[in-house]
Amino acid sequence: MSELMKQVVGICAICGTLSAGSVVASEGQLFAEHVTYPTGDRPQMPAIGNMDGDTLPDVVVANNWGDSVWVFWNDNRGAFDSYVECGTGDAPLWVALGDLDADGDLDMAVANYWGDKVSVIMNNGDRTFGEQVTYDAGTSPYSLSIADLNGDGHPDIAVANAGSDNVSILLNNGDGSFELHNTYSTGDGPVSVDAADLDDDGDLDLAVANHYEGTVLILLNHGDGTFETGQTKEVGTGPDMTVAADLDSDSDPDLALVNVNDETVSILFNYGDATFDDQVVYAVGDEPHALAIDDLDGDGDVDIATANKLGHNVSILLNNGGTGEFEPYGEYAVGTRPYGIAAADLDGDVDIDLVTTNADDDTFSVLENLGPGGPVLWAVEDGGNGHYYDLVEHPEGMNWYDARAEASGTIYDGRRGYLATITSAAESDFIIDNLLEGSPSSYYWLGGIQPDGSEEPDGGWTWITGEEWDYANWDAGEPNNNQGYENVVHVYGAGMDFGYWNDVDGSTEGGEDPYGGYVIEYEGFVNPSNNHTYYLIDEQLHAPDAEDRAIDRGGHLVTINDEEENDWIVATFGGTDLFWIGLTDSEDYGGHESDVWVWMSGEPVSYLNWDTGEPNEGQDGDFVIINHDVSGPGVWSDDVNYAQHLGIVEVSCDSDLNGDRIVNTGDLLMLLGCWGLPCGDVNGDGTTNTEDLLTLLGDWGPCP
């Protein structure tokens, strides 16, 4: 991750720019591997909402030790490239969003734990905010909820005060200013309050989680913002958050609470009159602190995600057909000690993503939802090439050149993306069966292009990857260059002759029937000079952990043998971010502390590109990074053992003797022709023998 660059411009103006790694995922997962962004000091609960009125929602984080909230701007692709900082009261724990002054923009209300105050911060609508205005609450306000409590059309604020065991009601004067209307006693240690019409009378009631006594209390609204005490129900030990939602599809809001001490979620079903059945309990991760409820698997009912403080992960509970019965669906790693969680569609793909705020490493994590299927793997064992494929939807239309640029900037599972190149009938059938059948759009771009000057209509066609054009699946009468400059390929989706191709003008977006997206293909980064495949480790890891990740993929952290390979690494992965490479003097890998450097792969050291003054063994640095930020792209430095960086994996395909990226009969014949000679030596012992033959047979199929 690039360093956070911050520039303060007045009060609550644009404060910084951010960068984060691309999305990584594993097959079968509901969410991709998390991407992290730096926050202020000790972030607590996040909130998600469209703060600038553009296309996609932004993320707001309360920084408990920083006495601030940061608003992170969505770049409208689901990444966050800059932020705004706004001052708050003392020790903010919770931020909620609502249009408090009726000007069409989302404003912020913040619970300040040590100041016994609520901060209200108005949105100017232009990515700037006004200074906070503070209002008295009870002792140690822990959380708050924004809702119209007195039915006047203006959102009010309910505050859970953990220190004074009560809830404060702040009523809106209609202009975004507030008055303390009343306080209501609760149980011991109220830490969470949520508003919903629990008794079906048309006004909003309150559910309050009492941490120290393990209960949830109902406050019933008279309709004018005054309340009476309703039912109290026992839940788990140490409830830290409650959320109201219809969990069993009966139109009544039920309650879900997360219990930090016994590591459970409590479900209380509403009888429809604000009385609740006894809890049903589900186990989740280690010390859950918060939960979010939304349709995470796209099946039409709501599911549950919990942020687990000591598990450093998120637990998923999927609703079984809207019945309110839940099944665990795995845990997903996030940053260190996640305190808060929120759910929303951050990237505009209709799937619900997750955000956690990670208190110990001062970050927030984004878990991108991969949708009903996500990229699909054409597995080698199924006769495939080991690549992933996916449909990327742009229902508003997109021209071929923009699609090519967007695809080429995408990484999945450490692999580069590009417009798909279909080079066989088997590959075409795989894409039809797994992606195009039932697809929402009529047309999708592929990576075929006809260079200028080619003989029309069928001359010169090529793939953007340089692969041979030895297969085509043109529709009847195509290609025909019908409009005089039809120079690229799209494939028909559902509703058309799906799977067949047509030549079209690459500069058009399709008009009334738009070209609604593209087929993307993901494979590793192939270095043509050595035929090896490289993958990005797009997570900040310690060097030994990065090497373990590389071994899991079948390789090692990259071995750089010459200047040409070093230059290719920089050109391919960039010269700004710091990446672990496979050089070390750690005795764990055969090195020696007194400057005996070795490659983790075991290859001999034939090339070094140290920065000036490096290596210097500063703080016992045993591992090496490329792109040392003193001298810039491509230079190396040893780094401290506790550092965390991205990494580059190298996987060899030495059995591919003829360089066609597949180990097959051609390579076998070459090896047999080299028997007893060096030319077919696969395992590096200097001669071609039985061991090489066995290695080649074990590598049979597409290169990794």
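So, here is what we can say about the structure in this document. (Residues numbered from 1 in each chain as written. Predicted model: local features only at pLDDT ≥ 70, side-chain atom pairs only at ≥ 80, totals over all residues. Heavy atoms only, no water.)

The sheet built from four strands is open, its strands ordered β24-β25-β26-β27 with antiparallel pairing. Every interior strand has two partners, whereas the edge strands, β24 (288-294) and β27 (326-333), have only one. Neighbour-to-neighbour, the strand axes of this sheet turn through a mean angle of 20°, independent of strand direction. As paired strands, strand β25 (residues 303-308) and strand β26 (residues 313-319) are joined by five bridges and run antiparallel to one another. Note that in β26 the partner of Asn308 across the bridge is Asn313. (Pairing = 2+ DSSP bridges. Helix = DSSP H or I, 4+ residues; strand = E, 2+ residues; numbered from the N terminus. Axes fitted to C-alpha atoms, helices over the stretch in contact; angles between N-to-C directions.)

Moving on: the state of the cysteines. Counted under the stated rule, the structure contains one disulfide. The disulfide that involves Cys674 links it to Cys679, with 2.0 Å between the sulfurs. Handedness of the Cys674-Cys679 disulfide follows from its S-S torsion of about -125°: it is left-handed. (Disulfide = S-S within 2.5 Å.)

Time to look at helix α3 (residues 543-552). Buried residues of α3: Ala543, Ala546, Glu547 and Ala550, and no others. Down the axis of α3, the smallest arc covering the buried residues is 100°, so these residues share one side. Structurally, α3 contributes buried residues whose contacts are with β41 (532-541), β42 (556-557), β43 (579-584), β45 (623-626) and β47 (645-651). Gly554 lies just past α3 and shows a positive phi near 100°. (Buried < 20%, exposed > 50% of the residue type's maximum accessible area, 1.4 Å probe, protein only. Arc of directions from axis to C-beta. Contact = heavy atoms within 4.5 Å.)

In this structure, Leu144, Ile157, Ile267, Ile304, Ile316 and Leu354 are the most contacted members of the largest nonpolar core, which totals 49 residues. For Ile267, the contacting residues outside a window of four places in its chain are Leu247, Leu255, Ala256, Asp278, Gln279, Val280, Tyr282, Ile304 and Phe326. (Core = buried A, V, L, I, M, F, W, Y, C linked by side-chain atoms within 4.5 Å.)

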